[in-house]
Amino acid sequence: MEHLDFNLAGKTSRVVFTDIAGCLEVPEDLPLVVTDQNVYDVLSSSFDQAYRGLVVNRGAYLYRVASGEKAKEWQSIAGVLQRGFDIGLGRDALFIGLGGGVVTDLTAFAASVYMRGCRVILVPTTLLAMVDAAFGGKTGMNFGGYKNMVGTFYPAEEVRIAPEFLRTLPESEYRSGLAEVIKSALLDDPQLLEILEDRHDQVMARNPGVLDELVRRSIAVKGRIVEADLTETGIRAYLNLGHTFGHALEAVTGFGTWTHGEAVAWGIQRAMRLGILLGVTDEQYARRVEDVLNRYGYRLAARGVDPAALFEAMKQDKKKQSGTVRFVLQRRLAKTMVQPVPDPVVMQCLREGC
Ligand SMILES: NC(=O)c1ccc[n+]([C@@H]2O[C@H](COP(=O)([O-])OP(=O)(O)OC[C@H]3O[C@@H](n4cnc5c(N)ncnc54)[C@H](O)[C@@H]3O)[C@@H](O)[C@H]2O)c1
């Protein structure tokens, strides 16, 4: 089994590249496995043997939540904690989160508060969770109608990656994760961008070798950033490229109308345009980014969406950042910056994107 170790604020977070059986191998001290109903159903039928070994034969230690964002609320978190108490897990308990970003966020958050912090291993099963949610130490739950309003920094001791999980992932979820891969390439990996440009058909066919490369490279980019800044006091904000716009679009259109990744792809394109309006982004680079986003079929115009409503949603999001909306912009590949932007320029950019 190959692995990469990252030092996240003094704590080692190991990313293990393995197969499904390796992901589902559990230590002697049986863990509490948290998963969602959909993952449970899909994996039980598709990867029968290994999955049965872990969750069916050890059903007493399984906690299932309903699939979807609503699992990131108090009720599910309390459910995980209660299950831990019911089966008598102590401070040395191990929680395993098996699923997409919802499950990995929920499990890591619950682990971070269970008896003031217990062990946690994450096994992401969506592309988005592999390249983003499961690794990097942020946990989150939704509160008061806002996404990720409550959370902790609590890196998993291990993140186990098996791209073969992605075989059963619906196309829309796969493309959602791909937007984060594109973002990683733009932030710090020219070769990853070339793979996305030159091997589009293999990427879309989920060629195992190409998938492996996409996931490893994206994790390496995120690893370099979060090792330098786990708690987002500086360059971790770069990971939000496209997200200020994307979150506003998700909020205005209703979560689920655009997948997170589709909204981020639209947001990346808006960030390029904003950079051009401000005279900071190289126009040839922005065209290259637009070509990649087009090639992967992302919608780059949010037709029918009200720019003023998007602007309002950004202001709401502002509350989370103590009053200022700061935009992640790029001069060119791997040249990223964060800066406030005057409202009229933001409005112009939003109008052009609708
Ligand atoms: N902590 C972080 O740093 C971070 C970063 C990015 C995103 N997130 C969070 O991640 C969440 C989104 O994650 P997501 O996109 O993985 O969504 P998700 O967890 O809801 O998964 C998407 C859907 O795919 C299903 N699924 C999962 N694995 C599957 C598989 N192998 N085959 C078939 N179906 C499968 C799930 O049941 C679900 O229905 C959001 O809540 C977001 O806030 C967190």
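Residues numbered from 1 in each chain as written. Predicted model: local features only at pLDDT ≥ 70, side-chain atom pairs only at ≥ 80, totals over all residues. Heavy atoms only, no water.

## Comments concerning the packing of aromatic side chains
Pairs of aromatic rings are described using the distance from one ring centre to the other and the angle between the two planes. One pass over the structure, following the stated rule, counts six aromatic pairs. Ring geometry for Phe-6 against Phe-135: centres 4.8 Å apart, planes inclined by 50 degrees, an arrangement best described as tilted. Here Phe-6, found in strand β1 (residues 2–8), pairs with Phe-135, found in the loop between α6 (127–133) and β7 (141–143); they are 129 residues apart in sequence, far enough to count as distant. Assigned by exposure class, Phe-6 and Phe-135 land together as buried. Here the aromatic rings of Phe-245 and Trp-266 are separated by 6.2 Å at their centres, their planes lie at 85 degrees, and the arrangement is edge-to-face. One end of the pair, Phe-245, is in helix α11 (residues 243–253); the other, Trp-266, is in helix α12 (residues 260–277), with 21 residues separating them in the sequence. Using a relative accessible area of 1% as the deciding quantity, one classes Phe-245 as buried. Among the aromatic residues, those joined into a ring-pair cluster are Phe-85, Phe-95 and Tyr-114. We note Arg-175 situated over the ring of Tyr-298; from NZ or CZ to the ring centre the distance is 4.7 Å. (Phe/Tyr/Trp six-rings, centres within 6.5 Å; stacked < 30°, edge-to-face > 60°. Helix = DSSP H or I, 4+ residues; strand = E, 2+ residues; numbered from the N terminus. Buried < 20%, exposed > 50% of the residue type's maximum accessible area, 1.4 Å probe, protein only. Lys NZ or Arg CZ within 6 Å of the ring centre and 35° of its normal.)

## Observations regarding the nonpolar core
Inside soluble globular proteins, nonpolar side chains tend to come together where they are buried. Ranked by size, the top nonpolar core spans 120 residues in total, and within it Phe-95, Phe-165, Leu-178 and Leu-214 carry the most contacts. The dominant element in this core, judged by the number of residues it contributes, is α12, at nine residues. Each of domain 1 (2–169) and domain 2 (200–352) accounts for three or more of the residues forming this core. In contact with Phe-95, other than residues within four places in its own chain, are Leu-32, Val-80, Leu-89, Thr-107, Ala-110, Ala-111, Tyr-114, Cys-118, Arg-119, Val-120 and Ile-121. (Core = buried A, V, L, I, M, F, W, Y, C linked by side-chain atoms within 4.5 Å. Domains from an automatic or database assignment. Contact = heavy atoms within 4.5 Å.)

## Section: the environment of Leu-128
Topologically, Leu-128 is positioned in helix α6. A relative accessible area of 19% means that Leu-128 is categorised as buried. Separated by 166 residues in the primary sequence, Leu-128 and Asn-294 place their C-alpha atoms 20 Å from one another. Ignoring sequence-local partners within four residues, the contact set of Leu-128 consists of Ala-133, Ser-176, Gly-177, Glu-180 and His-260.

## Quick word on the pairing of strand β10 (residues 326–332)
Relative to strand β11 (residues 335–340), β10 is paired through six bridges, and the arrangement is antiparallel. Counted as the bridge partner of Leu-329 is Met-337 from β11. Where β10 hands over to β11, the hairpin turn is made up of two residues, of which Ala-334 adopts a positive phi near 70 degrees. (Pairing = 2+ DSSP bridges.)

## Considerations on the packing of helix α7 (residues 171–188) against helix α8 (residues 190–198)
As a packed pair, α7 and α8 sit with axes 7 Å apart at the nearest point and diverge in direction by 135 degrees. Judged on the interaxial angle alone, α8 and α7 are oblique. When you trace α7 past α8, the crossing you get is left-handed. Facing α7, whose interface residues are Leu-178, Val-181, Ile-182, Ser-184, Ala-185, Leu-186 and Asp-188, α8 presents Pro-190, Leu-192, Leu-193 and Leu-196. Split by residue class, the contact of α7 with α8 holds nine nonpolar, one polar and one charged. (Axes fitted to C-alpha atoms, helices over the stretch in contact; angles between N-to-C directions. Parallel < 35°, antiparallel > 145°, perpendicular 65-115°, else oblique. Left-handed = near helix turned anticlockwise from the far one by under 90°. Nonpolar A, V, L, I, M, F, W, Y, C, P; charged D, E, K, R; others polar.)

## Focus: the site of the ligand
Lining the immediate surroundings of the ligand are 25 residues, of which Glu-69, Lys-72, Thr-125, Thr-126 and Thr-168 lie closest. A distance of 2.8 Å separates a nitrogen atom of the ligand from a polar atom in the side chain of Asp-105. Interatomic distance of 2.7 Å between a side-chain N/O atom of Thr-125 and a nitrogen atom of the ligand. Here the ligand loses 89% of its free accessible area of 870 Å² to cover by the protein chains. (Near = heavy atom within 4 Å. Polar contact = N/O pair within 3.5 Å; in protein donor to acceptor, adjacent residues only side chain to side chain. Areas by Shrake-Rupley, 256 points an atom, 1.4 Å probe, with all protein chains shown as cover.)

## Focus: α8
Turning to α8, its buried residues number three or more, namely Leu-192, Leu-193, Ile-195 and Leu-196. For α8, the arc enclosing every buried residue in end-on projection is 155 degrees, short of the 170-degree limit, so these residues lie on one face. Where α8 begins, the side chain of Asp-189 points an oxygen toward the backbone nitrogen of Gln-191, at a separation of 3.1 Å. (Arc of directions from axis to C-beta.)

## Things to note about a nonpolar patch on the surface
Residues Trp-74, Phe-143, Tyr-146 and Met-149 make up a contiguous nonpolar surface patch of about 420 Å² in total accessible area. Along the chain, Phe-143 turns up in strand β7. Of the residues examined, Phe-143 reaches a relative accessible area of 42% and is grouped as partly exposed. (Patch = residues over 30% accessible without salt bridge, like charges linked within 9 Å, V, L, I, M, F, W, Y side chains within 5 Å. Salt bridge = Lys/Arg side-chain N within 4 Å of Asp/Glu carboxyl O.)

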